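# Structural overview
Here's the letter readout for the chains.
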Amino acid sequence: MYKRAIEQLFQRYLTAFHQQNMLDMQSCYQLPCTLHTPDKVVLMADNNSFEQAFLDIFTVLSHAQIKRFIALKASFSVLSEHLLIACVDWQFIDAKSDVFTDFSAFYHIALNDEQWQIFNVVSQELSQSITLSDTFDIIDKTPY
């Protein structure tokens, strides 16, 4: 049950990310939400701050000509009936097929109104990756 739900969430997430579709991206998140990187913390308290945060991310990705997002590995653990944590190791690939960046992201996910949504993301160096209790697949269906 949880594996299928988390796979569906991340498939929606990856498709929206590729398309830079703000509404579909936001449906994957519960607001307020925080994004943590080694450099800063971003609070997405409402629709406007969510949109600004993702416009900033999409601008960086567009300038870097990122064409693919590869999930190197993905795992999750059930914390309670309504809470999950997931760890995904990502590679972002540019137009020359070079790795632009790689990192590990830890997603805190809650069930709200029968929909799983991310409420916190912590991104760290790939060396900080961990494998949680259950693996899952993130399949990129975007044509290249």
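For the structure itself, look to the data block above.
Throughout, a residue's number is its position along its own chain's written sequence, starting from 1. In keeping with the predicted nature of the model, local features appear solely for residues at pLDDT of at least 70, side-chain atom pairs appear and are counted solely at 80 or more, and the whole-chain, interface and lining totals rest on all residues. The basis for every side-chain value is the complete set of heavy atoms in the structure, and neither hydrogens nor water enter the calculation.

A few words now on the overall build of the protein. A tally of regular secondary structure across the protein gives 3 helices and 7 strands. Working definition: helices are DSSP H or I runs of at least four residues, strands are E runs of at least two. Numbering for both runs from the N terminus. The order of α-helices and β-strands along the protein, N terminus first, is α-α-β-β-α-β-β-β-β-β. Restricting the calculation to C-alpha atoms gives the radius of gyration, and the globule rule supplies 2.2 Å times the number of residues raised to the power 0.38. Here the protein has a C-alpha radius of gyration of 14 Å; the compact-globule value for 144 residues is 15 Å, and the two agree. Under the scheme applied here, a residue whose accessible area is under 20% of the maximum for its type counts as buried, over 50% as exposed, and between as partly exposed, the area being computed with a 1.4 Å probe on protein chains only. Evaluated residue by residue, the protein yields a buried proportion of 40% over its 144 residues. When checking whether two residues touch, look at their non-hydrogen atoms; a contact exists if any pair is within 4.5 Å. Across the protein, contacts joining residues at least 24 apart in sequence account for 55% of those joining residues at least 6 apart. To be clear on the numbers: accessible area is Shrake-Rupley with a 1.4 Å probe, and residue cover counts the displayed protein chains and nothing else. Counting every atom, the protein has about 8,100 Å² of accessible surface; 50% of that belongs to carbon and sulfur. The convention is simple: Lys and Arg are positive, Asp and Glu are negative, and His and the chain ends are not counted. Note that the charge is assigned to NZ on lysines, CZ on arginines, CG on aspartates and CD on glutamates. For the protein, the separation between the mean place of its 9 positive charges and that of its 17 negative charges on side chains is 7 Å.

We call two strands paired when DSSP finds no fewer than two bridges between them. Ordered in space as β2-β1-β6-β5-β4-β3-β7, the 7 strands form an open sheet in which the pairing is mixed. The sheet is open, and its two borders are formed by β2 (41-44) and β7 (134-135), each paired with just one other strand. Looking at chain direction, strand β3 (residues 66-80) and β7 are connected through 2 bridges and run antiparallel. Paired with Phe76 across the strands is Asp134, a residue of β7. Contacting β1 (29-36), β3, β4 (83-94), β5 (99-112), β6 (115-124) and β7, helix α1 (residues 2-19) runs over the sheet at an angle of about 150° to β3. Axis angles are defined between N-to-C directions and span 0 to 180 degrees, where every axis is a line fitted to C-alpha atoms and, for a helix, only to the segment in contact.

This part covers helix α3 (residues 47-63). By this rule, a helix spans an expected 1.5 Å times one less than how many residues it contains. With 17 residues, α3 should reach 24 Å at 1.5 Å per residue; the first-to-last C-alpha distance of 24 Å fits that figure. Residues of α3 that are buried: Phe50, Ala53, Phe54, Phe58 and Leu61. The buried residues of α3 occupy an angular sector of 130° when the element is viewed end-on, so they sit on one face. α3 presents Asn48 and His63 as exposed residues on the side facing more than 90 degrees away from its buried surface. Buried residues along α3 sit against α1, α2 (22-26), β1, β2, β3 and β4. Definition of a polar contact: a pair of N or O atoms within 3.5 Å, with one able to donate and the other able to accept a hydrogen when the atoms are protein atoms, and with sequence-neighbouring residues admitted only if both atoms are side-chain atoms. The opening residue of α3, the one whose side-chain oxygen lies 3.2 Å from the backbone nitrogen of Asn48, is Asp46. Remark: Gln65 follows α3 within two positions and exhibits a positive phi of approximately 55°. Arc definition: directions from the helix axis to the C-beta atoms.

The next thing to look at is the nonpolar core. Judged by nonpolar contacts, the single largest core of 40 residues is most densely connected at Phe10, Tyr29, Phe54, Trp90, Tyr107 and Ile109. Broken down by secondary-structure element, the contributors of at least two residues to this core are α1, α2, β1, α3, β3, β4, β5 and β6. Here this core takes 9 residues from α1, the largest share from any one element. Other than its neighbours up to four places away in sequence, Tyr29 contacts Tyr13, Leu35, Met44, Phe50, Phe54, Gln117, Ile118 and Val121. We call a set of buried residues a nonpolar core when its members are Ala, Val, Leu, Ile, Met, Phe, Trp, Tyr or Cys and they connect through side-chain atoms within 4.5 Å of each other.

Checked against the element boundaries, Asn47 lands in helix α3. Judged by its relative accessible area of 47%, Asn47 falls in the partly exposed class. Residues Asn47 and Gln26 lie 21 residues apart in sequence; the distance between their C-alpha atoms is 8.2 Å. Non-local contacts of Asn47, meaning those with residues more than four positions away in its chain, are made with Gln26 and Leu31.

So yeah, pure geometry; function would need other evidence.
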